[in-house]
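Structural description and commentary
Here's the letter readout for the chains.
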Amino acid sequence: MSAQIDVNPKLLIWAREERFGNAPLLDVAKEIKIAQEDLVKWEHDGKNVPFDALEILAKAYKRQTVVFFLPDVPQKTKKIKDFRNLVNGAEGFSPDTLLAVRRTERYLNIARELQAESYWNQQYDWAKSFTGKKSKVEEEAKRIRDLLGSPKDGKLNKRNSDDAFRYWRKIIEEKLGIFVFQFSMPESELDGFSYAIDHLPYAIVINNKKQAVRKTFTLFHELAHILKHNPGACKIDPLSSQEQFAIELECNAFAGEFLVPDTTVKQVNSVDQIFEFAKEYNVSGETYLRRLFEKKKIGRQIFFQWLEEVRERSSSFPRIKREGEGGPSMLIQSKSTRGAKFFELVSNAAIANQLSYSTAADLLGLKASSIST
């Protein structure tokens with residue numbers, strides 16, 4: 001029989017709400033396969049909680065078991081500032097998105113602990129002269145292109161859009177010092193968000209369920225929000241204010257200008273040509289179509305006529321499948337989720353004895369032996 005432990009019941013409530021928000025207790029109990037009456041009792045007095053039940057709760061709430069032995073509730077995770085009145089009206093974010101926010105906050109806190117404030121100020125010295133203003137979209141997109149050392153015409157000559165996204169992610173981390181994380185979130189909820197609410201460093205979080213061309217566009221859309229010093233969640237809600245709607249369009253304009261520079265937008269005569277040029281830039285057909293409309297290469301009537309066909313064809317594109325048996329290794333998954341910048345920061349901290357190998361392994365989702373070797 002499992003040992004029974006007394007815990008602070010407020011910790012149980014806190015961990016549940018951090019993971020599942022305001023979801024009814026009955027729904028949570030069904031989801032984690034724990035009797036509702038047991039949850040009610042434990043959250044009421046915290047008495048005689050079986051240790052194996054604590055382990056089940058820890059796994060369900062995405063926490064380490066030891067968190068339930070803390071004397072007090074940790075400081076509540078800051079949620080994304082709702083700059084854009086975004087997800088499902090006033091209902092808030094889903095548990096998976098809240099988990100992505102919490103993980104982002106945790107990773108950035110670790111980064112702040114491992115490097116002094118002066119280090120991060122120096123990392124983002126480049127950002128001080130950017131405004132993100134609508135009138136400076138073309139100029140600032142060019143300056144970012146120069147900072148990244150990317151081709152002036154925007155063409156990367158990558159094999160496919162997945163390779164292009166990996167390149168842009170890597171170079172943004174290396175040249176701009178911005179962490180780029182990928183987490184699983186509902187596809188219908190949001191494409192991604194940028195995060196730097198109180199202190200440096202910055203992070204851009206991408207929904208890993210999206211197609212690569214969508215990820216790339218989101219990457220630069222969120223970079224535009226950072227340039228405006230306006231991070232938050234990336235999804236336009238039909239009920240958003242006119243001012244915020246305008247900001248979203250400006251960020252879209254920056255992403256479009258960066259990926260397909262004004263001087264390279266070519267006239268087309270068909271949807272087939274749109275996809276041909278889009279492939280050259282590793283962008284979506286819709287992105288290239290919108291650039292045509294923005295540069296007045298096509299009129300409004302043609303734009304909406306082609307938009308429907310472009311979206312219909314784009315939705316049928318299959319995702320790229322990799323050859324070989326099984327999925328990626330844990331090491332590859334860890335780097336894909338956290339990005340090379342965070343992975344190396346944590347690994348190097350463990351080697352330098354700034355973090356224990358067990359802590360580093362927990363942060364990276366790996367075994368300690370895979371870090372120390």
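Residues numbered from 1 in each chain as written. Predicted model: local features only at pLDDT ≥ 70, side-chain atom pairs only at ≥ 80, totals over all residues. Heavy atoms only, no water.

Here we take up the overall build of the chain. Counting secondary structure elements, the chain contains 16 helices and six strands. Taken across its 373 residues, the chain has 49% of its residues classed as buried. Counted over contacts in the chain with a minimum sequence separation of 6, partners at least 24 positions apart contribute 67%. Accessible area of the chain: about 19,400 Å², with a carbon and sulfur share of 50%. (Helix = DSSP H or I, 4+ residues; strand = E, 2+ residues; numbered from the N terminus. Buried < 20%, exposed > 50% of the residue type's maximum accessible area, 1.4 Å probe, protein only. Contact = heavy atoms within 4.5 Å. Areas by Shrake-Rupley, 256 points an atom, 1.4 Å probe, with all protein chains shown as cover.)

Running from N to C, helix H2 (residues 25–32) and helix H3 (residues 36–45) point in directions that differ by 115 degrees, and their axes come no closer than 9 Å. Relative to H3, the element H2 lies roughly perpendicular. Crossing angle aside, the handedness with which H2 passes H3 is right-handed. Of the residues in H3, those in contact with Leu25, Leu26, Ala29 and Ile32 of H2 are Gln36, Leu39, Val40 and Glu43. Within the contact of H2 with H3, the residues separate by chemical class into six nonpolar, one polar and one charged. (Axes fitted to C-alpha atoms, helices over the stretch in contact; angles between N-to-C directions. Parallel < 35°, antiparallel > 145°, perpendicular 65-115°, else oblique. Left-handed = near helix turned anticlockwise from the far one by under 90°. Nonpolar A, V, L, I, M, F, W, Y, C, P; charged D, E, K, R; others polar.)

Before going further, it helps to spend a moment on the packing of aromatic side chains. How two aromatic rings sit relative to each other is set out by the distance from centre to centre and by the angle between their planes. Summed over all chains, the structure comprises 22 aromatic pairs. Arranged with centres 6.1 Å apart and planes meeting at 75 degrees, the rings of Phe20 and Tyr61 form a pair that is edge-to-face. Taken together, the residues Phe20 in helix H1 (residues 9–20) and Tyr61 in the loop between helix H4 (51–60) and helix H5 (95–114) connect sequence positions 41 residues apart. Classification of Phe20 as buried rests on a relative accessible area of 13%. Taken together, the ring pairs connect Tyr107, Tyr119, Trp120, Tyr124, Phe179, Phe181, Phe183, Tyr202 and Phe342 into an aromatic cluster. Geometry around Phe20 places Arg19 over its ring, the cationic atom sitting 5.2 Å from the centre. Taking the ring centre of Phe343 as reference, the NZ or CZ of Lys335 above it sits at 5.0 Å. (Phe/Tyr/Trp six-rings, centres within 6.5 Å; stacked < 30°, edge-to-face > 60°. Lys NZ or Arg CZ within 6 Å of the ring centre and 35° of its normal.)

Bringing the pairing of strand E4 (residues 192–195) into the picture now. Side chains Gly192 and Ser194 of E4 all project onto a buried face; the interleaved residues Phe193 and Tyr195 project onto the opposite face, where all are buried too. Bridge analysis of E4 against strand E5 (residues 203–207) gives four bridges, and the strand direction is antiparallel. Each residue of the ladder has a partner; that of Ser194, found in E5, is Ile204. (Pairing = 2+ DSSP bridges.)

Overall, the coordinates contain 24 salt bridges when judged by the stated rule. Ionic pairing is found between Glu139 and Lys136, a salt bridge with its closest N-O pair at 3.7 Å. A salt bridge links Lys170 to Glu174; the shortest N-O distance between them is 2.8 Å. Note that Lys170 and Glu174 are positioned in helix H8 (residues 161–176) at a spacing of four residues, about one turn of the helix. Among the charged side chains, a salt-bridge network with shared partners connects Arg145, Glu257, Asp262, Arg291, Glu294 and Lys295. (Salt bridge = Lys/Arg side-chain N within 4 Å of Asp/Glu carboxyl O.)

Moving on to the environment of Leu331. One can find Leu331 in helix H14 (residues 330–351). It is 9.8 Å that separates the C-alpha atoms of Leu331 and Phe343, two residues lying twelve residues apart in sequence.

The next point concerns the confidence of the model for the chain. Model confidence for the chain is summarised by a mean pLDDT of 84, while 86% of its residues fall at 70 or above. Element-level mean pLDDT values for the chain span from 54 in strand E6 (residues 233–234) up to 97 in strand E3 (residues 179–183). Every residue in residues 79–91 is under pLDDT 50, and counting partners more than four places away or in other chains gives 43 contacts. (pLDDT = per-residue confidence, 0-100.)

Quick look at the nonpolar core now. Of all hydrophobic cores here, the largest spans 83 residues; its most connected members are Trp126, Ile178, Phe220 and Tyr288. Of the residues forming this core, the biggest block, eight residues, is contributed by H5. Those residues in contact with Tyr288 that lie beyond four places of it in its chain are Val260, Thr264, Val265, Lys266, Val268, Ile274, Phe277, Ala278, Tyr281 and Val283. Among the nonpolar cores identified, the runner-up in size contains 23 residues, and Ala15, Leu25, Leu39 and Val67 belong to it. (Core = buried A, V, L, I, M, F, W, Y, C linked by side-chain atoms within 4.5 Å.)

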